[in-house]
Amino acid sequence: MSIAMAMLPTPAFARSCRPPTPAIASPNLQPLNVEAFGLTLEIPRNYRAMLRSSGHITFHDPNSFSFIQCLARAGEYGEVPPYVALEVHPAVDPTQPLVDLIRERRPWLDYYAPEYATAEFAGQTAVRYTYFNEIYQLEIANLTFLAEDGRTLLTLTGPIDHPIMVNVLNAPATNLSDLQAQ
C-alpha cells in the first residue's frame, strides 16, 4: 500500500494570492502624519502606509497593499513589488556624524560604497545617497535624518523613480511643528 501511495503525484497547492501589477500613483497627494517622529510626508492619495513589526513603515500602491493582505490572510509568501520604506532606528547617539550612524545601523551599505551628500530635509541636516541593488536591478535612493526627538535615525529608502521618493527628493517633507505654526 505504501509503495502505491508513493507513486501518486504530490498534490499541488493552488495559490490564492496572485502577484499584482502595481497601480498607477494618483497625481493628487495627501499628507501622511507620522506623529511619533514629528514628520509629515506627501504621498499619492491612493497609496497606503503599513506599520511593520520592526517599527518601519512601508508605503504601497493599492494593488500591492491588497496582495500583502491576501498573503497574510492565506499564510502564503510572495514577492511584493518595489516599495518605499521609512526605516526607524531608535536610541542613536545624536553627537555622532550622520554617516557614522548610517554605517552603524546599515552596515551592509559598505558593500555598495555609496557617495554620501549632505542635504536639508524638514529644516535639518540630512544625508542623501543612492546605490544599485543588484538583486532587484533597481537604483535605490535614500535620505537619512534624525527625528524630532534627536535620538531616532530615520531613513526614507526606495526605488529612485518611485512616486514617493520623487516627491520626497524634490519637495521635502515638513515637521509637524512647522505645519502647526502656519
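You'll find the structure just up there.
Going along each chain's sequence as written, the residues are numbered from 1 onward. For this predicted model, a pLDDT threshold of at least 70 governs which residues receive local features, and a threshold of 80 or more governs which side-chain atom pairs are given and counted, while totals over whole chains, interfaces and linings are taken from all residues. Only heavy atoms go into the side-chain values, all of them from the structure, while hydrogens and water stay out.

Note on exposure labels: buried denotes an accessible area under 20% of the residue type's maximum, exposed denotes more than 50%, and partly exposed covers the range between, all computed with a 1.4 Å probe on protein chains only. Strands are runs of DSSP state E lasting at least 2 residues, helices are runs of H or I lasting at least 4, and numbering of each runs from the N terminus. Strand 8 (residues 138-146) sits mainly inside the fold: seven of its nine residues count as buried. Taken together, the seven bridges between strand 7 (residues 124-133) and strand 8 define a ladder with antiparallel strand orientation. Among the inter-strand pairings, phenylalanine 132 is bridged to a residue of strand 8, identified as glutamate 139. Here, strands pair whenever DSSP counts at least two bridges between them. Linking strand 7 back to strand 8 in an antiparallel pair, the connection comprises four residues, with glutamine 137 at a positive phi of about 55 degrees. When strand 8 meets strand 9 (residues 153-159), the two strands line up antiparallel, connected through seven bridges. Each residue of the ladder has a partner; that of asparagine 142, found in strand 9, is threonine 157. The turn linking strand 8 back onto strand 9 is made up of six residues, and glycine 150 within it adopts a positive phi angle of 75 degrees.

Let us now look at the side chain of glutamate 76. Turning to its location among the elements, glutamate 76 is positioned in the loop between helix 2 (62-74) and strand 5 (84-89). By relative accessible area, which is 19% here, glutamate 76 ends up buried. In terms of polar contacts, glutamate 76 uses its side chain to reach the side chain of serine 16, at 2.9 Å. Identification of polar contacts relies on pairs of N or O atoms within 3.5 Å, with a donor-acceptor requirement for protein atoms, meaning one able to donate a hydrogen and the other able to accept it, and with residues adjacent in sequence counted only if both atoms are side-chain atoms.

Only Phe, Tyr and Trp rings take part, Trp by its six-membered ring, and two of them pair if their centres are within 6.5 Å. Stacked means planes under 30 degrees apart, edge-to-face means over 60, and tilted covers everything else. Within this structure, the stated rule accounts for six aromatic pairs. Between the aromatic rings of tryptophan 108 and tyrosine 112, the centroid separation amounts to 6.3 Å while the plane-to-plane angle is 90 degrees, which identifies the pairing as edge-to-face. Three or more aromatic residues joined by ring pairs make a cluster, and in this case those are Trp108, Tyr111, Tyr112 and Tyr131.

Put simply, a salt bridge is a Lys or Arg side-chain nitrogen that is within 4 Å of an Asp or Glu carboxyl oxygen. Scanning all chains against the criterion turns up three salt bridges. For glutamate 87, the salt bridge identified is with arginine 106, shortest N-O distance 2.9 Å. Residue glutamate 87 is located in strand 5, and its partner arginine 106 is located in the loop between helix 3 (98-105) and helix 4 (109-112); the two are separated by 19 residues in the primary sequence. One exposure class covers both glutamate 87 and arginine 106, and it is buried. In this structure, glutamate 104 and arginine 105 form a salt bridge, with 3.4 Å as the shortest nitrogen-oxygen distance.

Another point: the layout of surface pockets. A 1.4 Å probe that fits but cannot get out identifies a cavity on a 1 Å grid over protein atoms alone, an open set with protein on both sides within 12 Å along at least five of seven lines counts as a pocket, and a residue lines either if it has an atom within 4 Å of a point. Grid points are joined across faces, edges and corners, and a volume is the space filled by probe spheres set on the points. Volume-wise, the largest pocket comes out at about 470 Å³. If you go around the largest pocket, you meet 21 residues; those closest to its centre are Pro82, Tyr83, Asn133, Tyr136 and Ile140. Residues are grouped as follows: nonpolar covers Ala, Val, Leu, Ile, Met, Phe, Trp, Tyr, Cys and Pro; charged covers Asp, Glu, Lys and Arg; every other residue, Gly included, is treated as polar. Here the lining of the largest pocket is built from residues that sort into twelve nonpolar, five polar and four charged.

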